[in-house]
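This is what each chain is made of:
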Amino acid sequence: MEVPLYQGFVLAVTITREAIDEFRRFQRDKEVNSQLYSKLTVRGKVQVKSSDIQVGDLIIVEKNQRIPSDMIFLRTSEKAGSCFIRTDQLDGETDWKLKVAVSCTQRLPALGDLFSINAYVYAQKPQLDIHSFEGTFTREDSDPPIHESLSIENTLWASTIVASGTVIGVVIYTGKETRSVMNTSNPKNKVGLLDLELNQLTKALFLALVALSIVMVTLQGFVGPWYRNLFRFLLLFSYIIPISLRVNLDMGKAAYGWMIMKDENIPGTVVRTSTIPEELGRLVYLLTDKTGTLTQNEMVFKRLHLGTVSYGTDTMDEIQSHIMNSYSQMYSQASGNNTSSTPPRKGQSSAPKVRKSVSSRVHEAVKAIALCHNVTPVYESRAGMTGETEYAEVDQDFSDENRTYQASSPDEVALVQWTESVGLTLVSRDLTSMQLRTPGGQILTYCILQMFPFTSESKRMGVIVRDESTAEITFYMKGADVAMSTIVQYNDWLEEECGNMAREGLRTLVVAKRALTEEQYQDFESRYSQAKLSVHDRMLKVAAVVESLEREMELLCLTGVEDQLQADVRPTLEMLRNAGIKIWMLTGDKLETATCIAKSSHLVSRTQDIHTFRPVTSRGEAHLELNAFRRKHDCALVISGDSLEVCLRYYEHELAELACQCPAVVCCRCSPTQKARIVKLLQQRTGKRTCAIGDGGNDVSMIQAADCGIGIEGKEGKQASLAADFSIAQFRHIGRLLVVHGRSSYKRSAALGQFVMHRGLIISTMQAVFSSVFYFASVPLYQGFLMVGYATIYTMFPVFSLVLDQDVKPEMAMLYPELYKDLTKGRSLCFKTFLIWVLISIYQGGILMYGALLLFESEFVHVVAISFTALILTELLMVALTVRTWHWLMVVAELLSLGCYIASLAFLNGYFGIGRVSFGAFLDVAFITTAPFMWKVSAITVVSCLPLYVLKYLKRKLSPPSYSKLTS
């Protein structure tokens, strides 16, 4: 009966551990679902849990709050009727998005009026695409009824965060129908590779068991009811199947998880899935997100280059003094001019071009940066002025503490904040004008005549402004170097400097200007408005008119902005690369940004070429591009999500093969589902283990698809870290997690698994020898309790103490990440090592049994006592042989087991005879304490263990493993 009981225990341990994991997940979900939101009803505001929000509810979302479900944007506290939202949790893009409220509801005088109108929203059925939406808003009680079309700019998707103002929306999709959930793939149950390998070995052992039983029956000569004997043999040898393996491994995994969480060097690490710590030791591909994982998503202005001079962070004060000087001169000139009667010279522009002084060039450049952007300064109202009260402009506080800047891209904010730091401050902006404040406190007003926004095709933005004080019209433009190099006047430094800055990992923008006369502008405006009214090819015509201005512009400066990397990203990536892990970066961000970060984080080393995969749309283009890429050697690949999609459709195999040879791959503009597809592609094509790491909601699919998902608790919320198997506090912790904990977990589990198998094999070998000596009788050698005791109390602790074993110190493992490379080949547990253990078991089992039978012819009744004692000693010595680094607990375990065995000899004497009838020879303590018993047992044990010690010593001398070279 012992076996079923034991199996029950085994299953109970496994089930309990899985249940604990599930319960923790349930608690985390509950935490997110019970966030409170304000719901607007006829009776006023009510607090509701996010899990109770239903379609049709009117929900109020405050600034910096997460949007709980997909909504149509009805109303906002901002005057402009629009607000910004942050979408990095949804698509990984760093830019803020501008959303527009439905004008019909935004125009209503007060909040409560939403209930006095009769209107409805029609929305299309739920879809995957986060970048499109079609719907209509209809108000029926007006005359005539108002119909408004709704598009993507009227929507607020769940998991995005409101960045400005308070918004009110009507819920259209909830739960599984929201865009963010539809883009998340269903999680699968993760099983570690080690468990699969051990399952293979267990199957092999089962076949061995059947074969052995059949051989025994055959040798018996199929006498009598042979099939009954066959089953008796199957039961006798059933110890070959390591049932206790599961318990030991599960407890081992729990121990590794505990060690990882207790490690002081990686505080805040949480193991959420306790079934796969060994996976951390076998990774070949690491797929990482960019925004928030490698970078902090905080932009800092680093460099201004004027062609002849370059200003870095340490020389910004020089710029400040130049600005101060030029404005104070202008001020004194202006006041001087007013007193004298000479009118200001008109023909300045026709005067011969003099080489400008550095001071004026700095001034021009800073002014251009301060004017050419899409940034709005926002003043937080002082306390006590909340609510939708329309306060007068007078109450607004223009002081610097209250001002925050809003823009769709953090780069632009960084530029405007920098101009503020050198003395030129943007104080207000609306649709038609901008105001700057000089270091002297003067306010300069500029009238915005035209805005040309940034698009991903044009890669540039422009603005035409008129200075109110001098009436000069200037066209300012800034953009990527690729777009701008053809527009600006000839120069010899732009391309080279852009390259230099990009190598430092800075994002570059080229700033240029062109002065326009009133006539030139009027001519442009008439052509522009005409082009905007045309019906056919409107886009092309408008672009052509704008391009007529974009000629021979005066190059002012080149700016460099840095997206700050997380702490220690470079050394960590370096270490992982040395450990033989290939790193892929999958990001939703733009190609330029992604390439920039790949360089600055040293994901791509300085000397490597980067092959940018051109955008492809058809099979033929994809074929040509893949061929072009095939000719390159050892270069990193940068590819966009759309091109990837095309290549995967037609040339999946070729692309996977080429990409896997690359030292680094960067995929930009990836949707969440594409990220998960890339992970699955790697798993299927290479069969290697993959790990995904990310911090946003857009990484959840990828984290769940990978063999091992790691989430970072970012400032962007906890979605990724909750869905992951392991959650860490900072990216740099991943180095230690893999190289130290992953490596040791795998090595320990491999040793533990094989040892447990050896333990079952050795006793089955003894049973086989015993049966064959006694004319193939199907009689058990040891009685039930001894067998259970053998698997648990006598050997459990020492075998389990292998969990504490380590071959090298953690410091060494961190210093030599190359040690990790050996593991990916899976040499610690394969059929070769398994067969070695099988041979050891057969040898030892044979020696123990034959030794016992040979040395004790006279006291044959005691053969059980002798062989069992020798068996226990052998097991304890084998543990000692396998251990690489001793731990005090191991010694305790060895001594404890030995103590237990000796103590149990005293009262289990009924079990130590042969068969059930003990021939009256109850265990006499007298016999056990005699000298012959002692030396004979010792002799058998020495014969069974000494050769292995000698072999191990020789092996370490002749072909030492890589780690021993470091420890010596």
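Treat the numbers as computed from the prediction; the structure is a model and nothing was measured. (Residues numbered from 1 in each chain as written. Predicted model: local features only at pLDDT ≥ 70, side-chain atom pairs only at ≥ 80, totals over all residues. Heavy atoms only, no water.)

S.K.: Honestly, the state of the cysteines in this entry has me stumped. Any pointers?
M.R.: Each disulfide is one covalent bond, formed between the sulfur atoms of two cysteines. On inspection of all chains with the given rule, the structure shows 0 disulfides. In this structure Cys596 is not part of a disulfide, and its nearest cysteine sulfur, from Cys498, lies 10 Å away. A relative accessible area of 10% means that Cys596 is categorised as buried. Just so you know, Cys667 is unpaired, no disulfide at all, and the nearest cysteine sulfur is the one on Cys670, 4.8 Å from it. On the basis of relative accessible area, Cys667 is assigned to the buried category, the value being 2%. (Disulfide = S-S within 2.5 Å. Buried < 20%, exposed > 50% of the residue type's maximum accessible area, 1.4 Å probe, protein only.)

S.K.: Help me understand the pattern of salt bridges, please; the structure alone is not making it clear to me.
M.R.: Pairs may arise between side chains of opposite charge once their charged atoms sit close together. Taken as a whole and assessed by the stated rule, the structure comprises 34 salt bridges. Notably, a salt bridge pairs Arg689 with Glu279, separated by 2.9 Å at the nearest N-O pair. Residue Arg689 is found in strand S30 (residues 689-694), and its partner Glu279 is found in the loop between strand S13 (270-271) and strand S14 (283-288); the two are separated by 410 residues along the sequence. If you follow the salt bridges from partner to partner, you end up with Arg17, Glu18, Asp195, Arg246, Asp250, Lys253 and Glu278 in one network. (Salt bridge = Lys/Arg side-chain N within 4 Å of Asp/Glu carboxyl O. Helix = DSSP H or I, 4+ residues; strand = E, 2+ residues; numbered from the N terminus.)

S.K.: Just checking my understanding: could you explain the sheet that holds strand S1 (residues 36-41) for this structure?
M.R.: In sheet architecture, strand pairing relies on hydrogen bonds along the backbone and comes in two forms, parallel and antiparallel. Taken in spatial order, the 6 strands of this open sheet run S2-S1-S3-S12-S4-S10, and their pairing is antiparallel. The sheet is open, and its two edges are formed by strand S2 (44-49) and strand S10 (155-156), each paired on a single side. Sheet topology note: the strand S4 (residues 70-76)/S10 ladder contains 2 bridges and is antiparallel. In the sheet register, Ile72 faces S10, and the bridge partner there is Thr155. (Pairing = 2+ DSSP bridges.)

S.K.: Even after reading the chapter, I still don't get the nonpolar core, so can you show me in this structure?
M.R.: Proteins that are soluble and globular tend to have nonpolar side chains buried together. Counting 41 residues, the largest nonpolar core has Leu304, Ile319, Val366, Trp418 and Tyr476 as its most contacted members. Among the elements that make up this core, the one with the highest residue count is helix H9 (residues 358-371) (7 residues). Setting aside residues up to four positions removed in sequence, Trp418 forms contacts with Phe301, Leu304, Met316, Ile319, Val366 and Ile369. (Core = buried A, V, L, I, M, F, W, Y, C linked by side-chain atoms within 4.5 Å. Contact = heavy atoms within 4.5 Å.)

S.K.: Honestly, the packing of aromatic side chains in this entry has me stumped. Any pointers?
M.R.: Pairs of aromatic rings are described using the distance from one ring centre to the other and the angle between the two planes. Per the stated rule, a full pass over the model turns up 18 aromatic pairs. Their ring planes at 15 degrees and their centres at 4.1 Å tell us that Phe301 and Trp418 sit as a pair that is stacked. With Phe301 in strand S15 (residues 295-305) and Trp418 in helix H10 (residues 410-421), this residue pair connects regions lying 117 residues apart in the sequence. On the basis of an interplanar angle of 85 degrees and a centroid distance of 5.2 Å, the ring pair of Tyr794 and Tyr901 is categorised as edge-to-face. Of the two residues, Tyr794 is situated in helix H23 (residues 784-794) and Tyr901 in helix H29 (residues 888-907); the sequence distance between them amounts to 107 residues. Across the pair, exposure class does not vary: Tyr794 and Tyr901 are buried alike. Put simply, the rings of Phe452, Phe475, Tyr521, Phe524 and Tyr528 touch in pairs and so form one group of aromatic residues. (Phe/Tyr/Trp six-rings, centres within 6.5 Å; stacked < 30°, edge-to-face > 60°.)

S.K.: I tried to follow the environment of Ser749 on my own but got confused; where do I start?
M.R.: Positionally, Ser749 belongs in helix H22 (residues 733-773). Expressed as a C-alpha distance, the spacing of Ser749 and Ala903, which sit 154 residues apart in the sequence, is 31 Å.

S.K.: Looking at this model, I keep getting lost on helix H31 (residues 931-958). Mind explaining?
M.R.: An α-helix turns once per 3.6 residues; consequently, residues spaced three or four apart project the same way. Taking 1.5 Å of rise per residue, 28 residues should cover 40 Å, and H31 covers 39 Å from first to last C-alpha, within 8% of that figure. Most pronounced at Cys945, the bend in H31 amounts to some 30 degrees, and the proline Pro947 follows within four residues. Those residues of H31 that fall on the buried side of the exposure criterion are Phe933, Lys936, Val937, Ile940, Thr941, Ser944, Cys945 and Leu948. (Expected span 1.5 Å × (residues − 1). Bend = angle between axes of the 7 residues up to and from the residue.)

S.K.: When you look at the pairing of strand S5 (residues 82-86) in this model, what are you seeing that I'm missing?
M.R.: Two faces, one strand: in a regular strand the side chains alternate between the faces of the sheet. Buried residues dominate S5, accounting for 4 of its 5 residues. Relative to strand S11 (residues 161-162), S5 is paired through 2 bridges, and the arrangement is antiparallel. From the neighbouring strand, Arg86 faces S11, where its bridge partner is Ile161.

S.K.: Sorry if this is basic, but what is going on with a nonpolar patch on the surface here?
M.R.: There is a patch of nonpolar side chains on the surface, built from Leu877, Val942, Leu946, Tyr949, Val950, Tyr953, Leu954 and Leu958 and spanning about 780 Å² of accessible area. No other element matches the 7 residues that H31 contributes to the nonpolar patch. Note on placement: Leu946 falls in helix H31. (Patch = residues over 30% accessible without salt bridge, like charges linked within 9 Å, V, L, I, M, F, W, Y side chains within 5 Å. Areas by Shrake-Rupley, 256 points an atom, 1.4 Å probe, with all protein chains shown as cover.)

S.K.: Could you clarify how one ought to interpret a positive patch on the surface in this entry?
M.R.: On the surface, Lys821, Lys825, Arg827, Lys832 and Lys955 cluster together into a positively charged patch. You can see Lys821 is positioned in helix H26 (residues 818-824). Of the residues examined, Lys821 reaches a relative accessible area of 39% and is grouped as partly exposed. (Lys, Arg positive; Asp, Glu negative; His and termini not counted. Charge placed at Lys NZ, Arg CZ, Asp CG, Glu CD.)

S.K.: How should the sheet that holds S30 be read in this particular structure?
M.R.: Taken in spatial order, the 9 strands of this open sheet run S13-S32-S31-S30-S14-S26-S29-S28-S27, and their pairing is mixed. With one partner strand each, in any of the chains shown, S13 and strand S27 (609-612) form the two edges of the open sheet. For S27 and strand S28 (residues 635-640), the ladder comprises 4 bridges, and the chain directions are parallel. Bridging from a neighbouring strand, His611 pairs with Leu637 of S28. Running over the sheet, H22 touches S14, S30, strand S31 (708-712) and strand S32 (726-728) and is turned about 140 degrees from S32. (Axes fitted to C-alpha atoms, helices over the stretch in contact; angles between N-to-C directions.)

S.K.: For this particular structure, what's the right way to read unusual backbone geometry?
M.R.: Most peptide bonds adopt trans geometry, and most residues besides glycine take a negative phi value. Here the bond from Asp143 into Pro144 is cis, since omega is -5 degrees, no more than 30 degrees from zero. Here Pro144 shows up in the loop between strand S8 (135-139) and strand S9 (146-150). Backbone geometry at Asp537 places phi at a positive 50 degrees, although glycine is not the residue there. The residue Asp537 is located in the loop between helix H13 (518-533) and helix H14 (538-549) in this model. One non-glycine residue, Arg669, lies in positive phi territory at about 55 degrees. Relative to the assigned elements, Arg669 resides in the loop between strand S29 (664-668) and helix H19 (672-686).

S.K.: In this structure, what is going on with empty space enclosed by the protein? I would like to understand it.
M.R.: Rolled over the atoms, a probe with the dimensions of a water molecule shows which regions are left empty. The final tally for this structure, using the stated rule, is 4 cavities of 30 Å³ or more. The computed volume of the second largest cavity comes to approximately 70 Å³. Residue lining of the second largest cavity: Trp584, Leu637, Ile639, Leu644, Leu648, Leu655, Ala656, Ala659, Val665, Cys667, Ile678 and Leu681, and that is the complete set. Mapped onto the lining of the second largest cavity, the elements with two or more residues apiece are S28, helix H18 (641-661), S29 and H19. (1 Å grid on protein atoms, 1.4 Å probe; cavity = no way out; pocket = protein on both sides within 12 Å on 5 of 7 lines; lining within 4 Å. Points joined across faces, edges and corners; volume = space filled by probe spheres on them.)

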